[in-house]
Amino acid sequence: MTDQADGSSQADRPDRPDRPDRPDRPDRPDHEGHPDQPGPSGTAGPADQAEPAAPPGPAVPPAPSDLTELAAEAYIYGYPLVFDLSMVQAALHEGFGSLPSASFNEFAHSSRLATPDAHFVSVNNDTVYSIAQLDLSGGPLRLHVPDTLGAYYVLQFIDAWSNNFAYVGRRATGTGETKWLIVPPGWAGETPEGMTGVIDAPTTIVSIAGRFACAGPADLPRVHGLQQRLTLKVLEEFMHHTWLPATDPDVPEPLHFFEKLRVWMAAFPPSADDRAYQDRFQPLQLLEEGPSPYVHPAPELLHALTEGLKRGAARVEKASRTGVDGTRAPGAWEMNPHLFDYNLDWFGVGTHDSPEWRIEDRTASYLTRAVAARVGLWGNHGYEAVYAHTFEDADGHWLNGSRKYTLRFETPPPVRSFWSVTMYDSPDYYLVANPADRYSIGDRTPGLVYGDDGSLTLHIQKDRPTDPAEAANWLPTPEGDFRPMLRLYTPEQSVLDGSYEIPRITPKREPGAA
C-alpha cells in the first residue's frame, strides 16, 4: 500500500488479479510503461412501522449490450474487492515481509522498519506496522490503544471493498489511551461501560493498518512497547471463521478473478447504491448463487470474460500512469490528495464527511478506487497523509540510476507531523537494496546537513558521494529506472489545496560540464 504494510511480491501475490502487458512508454518505446498514482447505516425500525420512502439513489448507467465491455466494467468495479481480500488471505496465511501471519482478530506486529524484502507496492519506511484482519461475523471486538505520549501513530480501518471508514490516531483522536468497540453491520447490542466510542464496520471483514512513527533502529524498543499494549479482545466467547468464503477450485484459471468476485461480492455486500450498480452484471452471471457458473461456461461468456478482464485491467493501468499530454510541466510531482475519496457511504470516527472529500460521480469513483488499489492499496485519505511521486527530472527525462540528481528544499515541506522521500524501483515500486541500508530520507534522518540559509539539498544517485556533506544527504537509487515518493504526514492546507509546489529533481551538473 502506499504507506502500506509489507506484502508479498507483485508476481507472487496469492490470488492477485491478472495484469495486462504494459503498453510501451510513449517517450521511450523500447521500455515498459510506468503506472503511477494519479489523480452506518442507521438501525432499522420495527417491521410493522411505516417508514418514509428513501430518496432515490444516483442514476445507474444502463449496462452495455457488449458482454466484453460489461466484463471490463465489472473488472474495474470489482478489482479493489478481489485485490483487498487477496491481501487479507496473504496476511492470514503468509504474512508480509517482517510481518508474521496472524489469525483473524489478532495483531501481527512488525519488529523493524520495512526493507527490500517487504515486497509490497510503495511500502513505507517511516513507520513500524501493526496489522490485524478482523472477522466480525460472530460479534463485536474490543480494541485497546495505549497512550503514545504525543508520538504520531494512526490506526486505519478498511472494509472489504478497500474503503477507509474510520481512523484512530494523533490527528483523529489524540494520543491518549482509548478503548473502542468495533461492531459488525446491523449490530444493535449495548456498548459496555468504559468504551471511548463505537466503530461501525460496513463489512464483516475489516483490516486495521496500524502505523507507529519510528525514528530509526534506536527508537524500536519504544515502538515495540506500544505494539504489545495494542490489543483486540472478543466481547463474548464465540466461534469465528478462519478463512474467507471458498471459491470453486474447478473454475478454469482465466476466470479465477470473476469467480472470486462472484463469491466475495455476495459475502460482503456494499452500500445499497453500489448494489444497484452490481445488478448490471447479471448477464455475466456474477450474481448467481450456489454452484459456480464458470466451471463450464458457454464459449461466448468465456470469451467475453477473458477479453473483458484484459480490457478492464488495461484501463486501470492507463489511468494509473502519469500523463504525457503536456498538461504537466516536465518533472512536476504527481500529487493527488483526493485519490482515496471514493468512499461515499461510510464515515466513522476520524473521517471527514464533507463534499470536498467525496467524489461527486459514483460511477467515476469506481475507476479511482481501482487505481488507488493498484498503486496504493490501504493508503490513507489526504487529510491523514499525502503521497507525491515523479518519474521525470526537471528536463523531462526519465529518472534512471545511470545519472546523478539533486532535490533542493528551500524551506521544509509544510506538515504538522513529519515528511520523507522514499526510493522505489520501477515498474514494481519496491524498496531498493543498497550498501547504506538507507531506503528513505527526511526531517527525522539523523546527521542531515542544512545550508546556511536553512535549505536542504538531497543527493539522489546510485553511488555514495565522496563529499561528506553530500553523503549525509544521500538517497541511494537502483541501477535502472526509479520512482521516488514524498510522504507528507498530516499535511498543511497548502498541500491539500495545491498551492504548495514540490521542487523538481534536477540532474547534477558535473564541474566543467557544458
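The following refers to the structure shown.

The rules behind each value
Residues numbered from 1 in each chain as written. Predicted model: local features only at pLDDT ≥ 70, side-chain atom pairs only at ≥ 80, totals over all residues. Heavy atoms only, no water. Helix = DSSP H or I, 4+ residues; strand = E, 2+ residues; numbered from the N terminus. Buried < 20%, exposed > 50% of the residue type's maximum accessible area, 1.4 Å probe, protein only. Areas by Shrake-Rupley, 256 points an atom, 1.4 Å probe, with all protein chains shown as cover. Phe/Tyr/Trp six-rings, centres within 6.5 Å; stacked < 30°, edge-to-face > 60°. Salt bridge = Lys/Arg side-chain N within 4 Å of Asp/Glu carboxyl O. Axes fitted to C-alpha atoms, helices over the stretch in contact; angles between N-to-C directions. Parallel < 35°, antiparallel > 145°, perpendicular 65-115°, else oblique. Left-handed = near helix turned anticlockwise from the far one by under 90°. Contact = heavy atoms within 4.5 Å. Nonpolar A, V, L, I, M, F, W, Y, C, P; charged D, E, K, R; others polar. Pairing = 2+ DSSP bridges. Core = buried A, V, L, I, M, F, W, Y, C linked by side-chain atoms within 4.5 Å.

Further remarks concern the overall build of the chain. The helix and strand tally for the chain stands at 9 helices and 20 strands. Within the span of the chain, comprising 514 residues, buried residues form 56% of the whole. If you sum the accessible surface of the chain, you get close to 21000 Å²; carbon and sulfur atoms cover 51% of it.

Turning to the packing of aromatic side chains, a few remarks are in order. The full count for this structure, using the stated rule, is 22 aromatic pairs. Where tyrosine 152 meets phenylalanine 418, the ring centres are 5.7 Å apart and the plane angle is 85°; that geometry is what we call edge-to-face. Linking tyrosine 152 in the loop between strand E5 (141–145) and strand E6 (153–159) with phenylalanine 418 in the loop between strand E14 (405–409) and strand E15 (419–425), this pair joins segments that are 266 residues apart in sequence. For tyrosine 152, a relative accessible area of 5% gives the class buried. Assessed through its relative accessible area of 4%, phenylalanine 418 is described here as buried. Measuring from centroid to centroid gives 5.8 Å for tyrosine 405 and phenylalanine 482, while their planes differ by 80°, and the two rings are edge-to-face. Taken together, the residues tyrosine 405 in strand E14 and phenylalanine 482 in strand E19 (residues 482–489) connect sequence positions 77 residues apart.

Two side chains that carry opposite charge are able to pair once their charged atoms sit near each other. The tally for this structure, following the rule as stated, stands at 22 salt bridges. When the shortest N-O distance is used, the salt bridge between arginine 262 and glutamate 259 registers 3.0 Å. Placement of the pair is arginine 262 and glutamate 259 together in helix H4 (residues 256–267), with a separation of 3 residues, close to one helical turn. Judged by relative accessible area, arginine 262 falls into the buried class, the value being 6%.

Attention now moves to the packing of helix H1 (residues 67–93) against helix H6 (residues 299–319). For the pair H1 and H6, the least separation of the axes is 7 Å and the interaxial angle reads 50°. Put simply, H1 runs oblique to H6. At the point where H1 passes H6, the crossing takes the right-handed sense. Note on element contacts: H6 touches H1 through His303, Ala304, Leu305, Glu307, Gly308, Leu309, Arg311, Gly312, Ala313, Arg315 and Val316, opposite Leu67, Thr68, Glu69, Ala71, Ala72, Tyr75 and Ile76. Tallied by class, the residues present in the contact of H1 with H6 amount to 10 nonpolar, 4 polar and 4 charged.

On to the environment of threonine 406. By secondary structure assignment, the location of threonine 406 is in strand E14. Measuring from C-alpha to C-alpha, the distance between threonine 406 and tryptophan 474 comes to 9.3 Å, with 68 residues separating the pair along the chain. In this structure, threonine 406 is in contact with Thr457, Leu458, His459, Arg504, Ile505, Thr506 and Lys508, ignoring residues within four places of it in sequence.

Attention now moves to the pairing of E6. In terms of burial, E6 is a largely internal element, 7 of the 7 residues being buried. Here E6 shows a buried face lined by Tyr153, Leu155, Phe157 and Asp159 and a second buried face lined by Val154, Gln156 and Ile158. Relative to strand E10 (residues 205–213), E6 runs antiparallel, the two being bridged by 7 bridges. Residue pairing for E10: isoleucine 158 is matched across the bridge by serine 207. Judged from the 5 bridges that link them, E6 and strand E7 (residues 164–169) form a sheet pairing that is antiparallel. Of the residues in E7, the one forming a bridge with phenylalanine 157 is alanine 166. Taking the residues between adjacent antiparallel strands as the criterion, E6 and E7 are bridged by 4 residues, where serine 162 takes a positive phi near 75°.

Turning next to the nonpolar core. Of all hydrophobic cores here, the largest spans 108 residues; its most connected members are Leu85, Phe258, Leu284, Leu286 and Val421. The biggest single contributor to this core is H1, with 16 residues. In this structure valine 421 touches Leu407, Phe409, Tyr439, Ser440, Ile441, Leu458, Leu475, Pro484, Met485 and Leu486, once residues within four positions along its chain are discounted. Counting residues in each nonpolar core, the second largest holds 29 residues, with Leu113, Tyr153, Ile182 and Leu226 among its members.

Below, the discussion takes up the sheet that holds strand E11 (residues 231–234). Taking strand neighbours across the sheet as the criterion, the 4 strands line up as E9-E8-E5-E11 in an open arrangement whose pairing is mixed. Looking at strand neighbours, the two that pair on one side only are strand E9 (197–200) and E11, the edges of this open sheet. Across the sheet, the mean angle from the axis of one strand to that of its neighbour is 25°, orientation sign disregarded. Inspection of the sheet shows E5 paired to strand E8 (residues 178–183) by 5 bridges, in the antiparallel sense. Across the sheet, arginine 142 pairs through a bridge with leucine 181, a residue of E8.

This next bit is on the sheet that holds strand E13 (residues 385–389). Pairing is antiparallel in the open sheet, where 5 strands are placed in the order E12-E13-E19-E15-E16. Because the sheet does not close on itself, it has two edges, and the strands there are strand E12 (334–335) and strand E16 (440–442). Summarising the sheet, E12 and E13 pair through 2 bridges and their orientation is antiparallel. Note that in E13 the partner of methionine 335 across the bridge is alanine 388.

A few words now on the pairing of E8. With 5 of 6 residues buried, E8 lies mostly within the body of the structure. Relative to E9, E8 runs parallel, the two being bridged by 4 bridges. In the sheet register, isoleucine 182 faces E9, and the bridge partner there is isoleucine 199.

Turning our attention to the side chain of arginine 374. The residue arginine 374 is located in helix H7 (residues 362–376) in this model. For arginine 374, a relative accessible area of 1% gives the class buried.

Everything listed is a geometric property; what it means functionally is a separate question.
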